[in-house]
Amino acid sequence: MKITDINGTTKLNNGVDMPVLGLGVYKAKEGREVVDSIQHALEAGYRHIDTASFYENERGVGEAIRTSGVPREEIFITTKVWNDDQGYEQTLAAFDNSLKELNMNYVDLYLIHWPVPGKYLETWKALEKLYKEGRVKAIGVSNFLQHHLIDVVENSDVVPAVVQNEFHPRLVQQPLLDFCKKNNIQYESWSPLMRGGVFKIDTLKDLAEKYKKSVAQLIIRWNLQKGVVTIPKSVHRERIFENADVFDFKISEEDMCKINALDREERTGAHPDDFMDHFENN
Ligand code: NAD
C-alpha cells in the first residue's frame, strides 16, 4: 500500500489499483449536499467515492462526477447491493438500477452490503457474473466476518478483492485483519471516526496534540499505517480537506500500539451475525 500522498493506491488481488483514502457519503443528502461534498473532495484531491443504493444518493454522486471536469476513469466508485435486493436475479436487477442512477456504464467496486443469511452466496454468484462481464472492475463484500469469507471462498470462483467493515480504535478485530492480509483481501474501514466517537477519547486527544494534528487526522493516518483503506465521511469543505491532510506525518510504532490498545470490541452499527432486525426496526 502506497501512503505517500492522496494519490496513493493499493493493488487489489486482481491487479486493480484502489485509492487508499476516499470520501464516504452515507447520510449525505441526495442533490446539492452530496454533489457539493464530492466537488470539495475532488478539489482536495480525493479520487475515490463510497456510496450504496441504500444511501439513496447515487444520482447525485453521478452528477457530481460528470460535472466535475475530472475524467470518470480517474475516479474509483464503490456502490453496494442492499439486503432487500439479494439473490441472483434481484442482484443483477439492483446493479442495473445503480448504474442507471449513477448514469455510468461501470463501477469500480461492487459490494454485498451485508451477509443476508441463506442469500449471500447467490448474491455473490451475480457479482461474479458482473465481474466476468467487465461491468465492475472488482467485487467484494461488506460486514463479513471470517466464517462468511471462508464460506464465499470455498463456494465460488472469485476471491473477494475487498472487505469493508466497521473499524476504529474501539473495534480493531486484529485476527480478522490478519486473516484478510494472509488471503490477499484488502481490508477497508467504515465509520473510521466512530461516527464522531473518537473525538471523546482522551488518549487520542493527547496523541493528536503530540503530532500537531487533529484527532480525525491521527485516526485516518492510523488506518493507513495499519494497511486499511479508509472512507471518512463529511459534507463540510474544511473537514473534507482536513481529512485528506494526513501525509506529512508518521505515527511511531509505540503510538500505533497505544491506539490499538483502545480496542473494546465496541460497535456503532449492527453485528454481522445479527443485523436483520436492526434494519427492520430502523
Ligand atoms: P465516520 O466515522 O466517517 O464519521 C462521520 C462523522 O464524523 C461525520 O458525520 C462528521 O460529523 C464527523 N467528522 C468527519 N470528519 C471530521 C473532522 N475532520 N472533524 C470533526 N468531525 C468530523 O462515519 P460513517 O459516515 O458512518 O462512515 C464513513 C463511511 O463509511 C460512510 O459515509 C459510508 O460511505 C461507509 N459506511 C459503510 C457501511 C457499511 O455497512 N458498509 C456502514 C456505515 C458507513
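Use the structure listed above.
Residues numbered from 1 in each chain as written. Predicted model: local features only at pLDDT ≥ 70, side-chain atom pairs only at ≥ 80, totals over all residues. Heavy atoms only, no water.

**Q** Got a minute to help me understand the packing of helix H4 (residues 120-132) against helix H5 (residues 146-154) in this structure?
**A** Helix-helix packing: each pair is described by the crossing angle between the helix axes and the interaxial distance. Direction vectors running N to C along H4 and H5 enclose 55°, while the axes themselves pass 10 Å from each other. Viewed along their axes, H4 and H5 adopt a mutual orientation that is oblique. At the point where H4 passes H5, the crossing takes the right-handed sense. Contacts between H4 and H5 involve Tyr120, Leu121 and Trp124 on the former and, on the latter, His148, Asp151 and Val152. (Axes fitted to C-alpha atoms, helices over the stretch in contact; angles between N-to-C directions. Helix = DSSP H or I, 4+ residues; strand = E, 2+ residues; numbered from the N terminus. Parallel < 35°, antiparallel > 145°, perpendicular 65-115°, else oblique. Left-handed = near helix turned anticlockwise from the far one by under 90°. Contact = heavy atoms within 4.5 Å.)

**Q** Please explain the pairing of strand E6 (residues 107-112) as it appears in this structure.
**A** A regular strand places its side chains on the two faces of the sheet in alternate fashion. Across the 6 residues that make up E6, a large majority, 6, are buried. For strand E5 (residues 76-81) and E6, the ladder comprises 4 bridges, and the chain directions are parallel. Its bridge partner lying in E6, valine 81 is registered against isoleucine 112. The handedness of the E5 to E6 crossover, carried by helix H3 (residues 88-102), is right-handed. Bridge count between E6 and strand E7 (residues 136-142): 5 bridges; the pairing is parallel. Bridge assignment links valine 107 to a residue of E7, and that residue is valine 136. Read as a crossover between parallel neighbours, the route from E6 over H4 to E7 is right-handed. (Buried < 20%, exposed > 50% of the residue type's maximum accessible area, 1.4 Å probe, protein only. Pairing = 2+ DSSP bridges. Right-handed = clockwise from strand over helix to strand, strands pointing away.)

**Q** Explain the site of the ligand here, please?
**A** Looking at the ligand, there are 26 residues lining it, with Asp50, Ser142, Gln164, Ser191 and Leu193 nearest. Side-chain polar atom of histidine 113 to an oxygen atom of the ligand: 3.4 Å apart, as the coordinates give it. Asparagine 243 places a side-chain nitrogen or oxygen 2.8 Å from a nitrogen atom of the ligand. Against a free-state accessible area of 830 Å², the protein chains account for coverage of 88% of the ligand. Here the shell around the ligand gets 3 residues from one element, more than from any other, and that element is helix H9 (residues 237-244). When the residues that make up the shell around the ligand are grouped by side-chain class, the tally is 12 nonpolar, 8 polar and 6 charged. (Near = heavy atom within 4 Å. Polar contact = N/O pair within 3.5 Å; in protein donor to acceptor, adjacent residues only side chain to side chain. Areas by Shrake-Rupley, 256 points an atom, 1.4 Å probe, with all protein chains shown as cover. Nonpolar A, V, L, I, M, F, W, Y, C, P; charged D, E, K, R; others polar.)

**Q** Just checking my understanding: could you explain unusual backbone geometry for this structure?
**A** Most of the time, phi is negative for any residue but glycine, and the peptide bond is trans. Of note in the backbone geometry, asparagine 103 takes a positive phi value of approximately 55° without being a glycine. Within the element layout of this structure, asparagine 103 appears in the loop between H3 and E6. Exposure remark for asparagine 103: the relative accessible area of 49% places this residue in the partly exposed category. Despite not being glycine, serine 191 has its phi angle at roughly 50°, a positive value. Within the element layout of this structure, serine 191 appears in the loop between strand E9 (186-190) and helix H7 (202-211).

**Q** So what exactly am I meant to see when it comes to the pairing of E9 here?
**A** Among the 5 residues that make up E9, 5 are buried, leaving the element largely enclosed by the rest of the structure. Burial along E9 is two-sided: Gln186, Glu188 and Trp190 facing one way and Tyr187 and Ser189 facing the other are all buried. Handedness of the crossover joining strand E8 (residues 162-166) and E9 through helix H6 (residues 174-182): right-handed. Pairing analysis gives 2 bridges linking E9 to strand E10 (residues 229-230), with the strands arranged parallel. Across the sheet, glutamate 188 pairs through a bridge with valine 229, a residue of E10.

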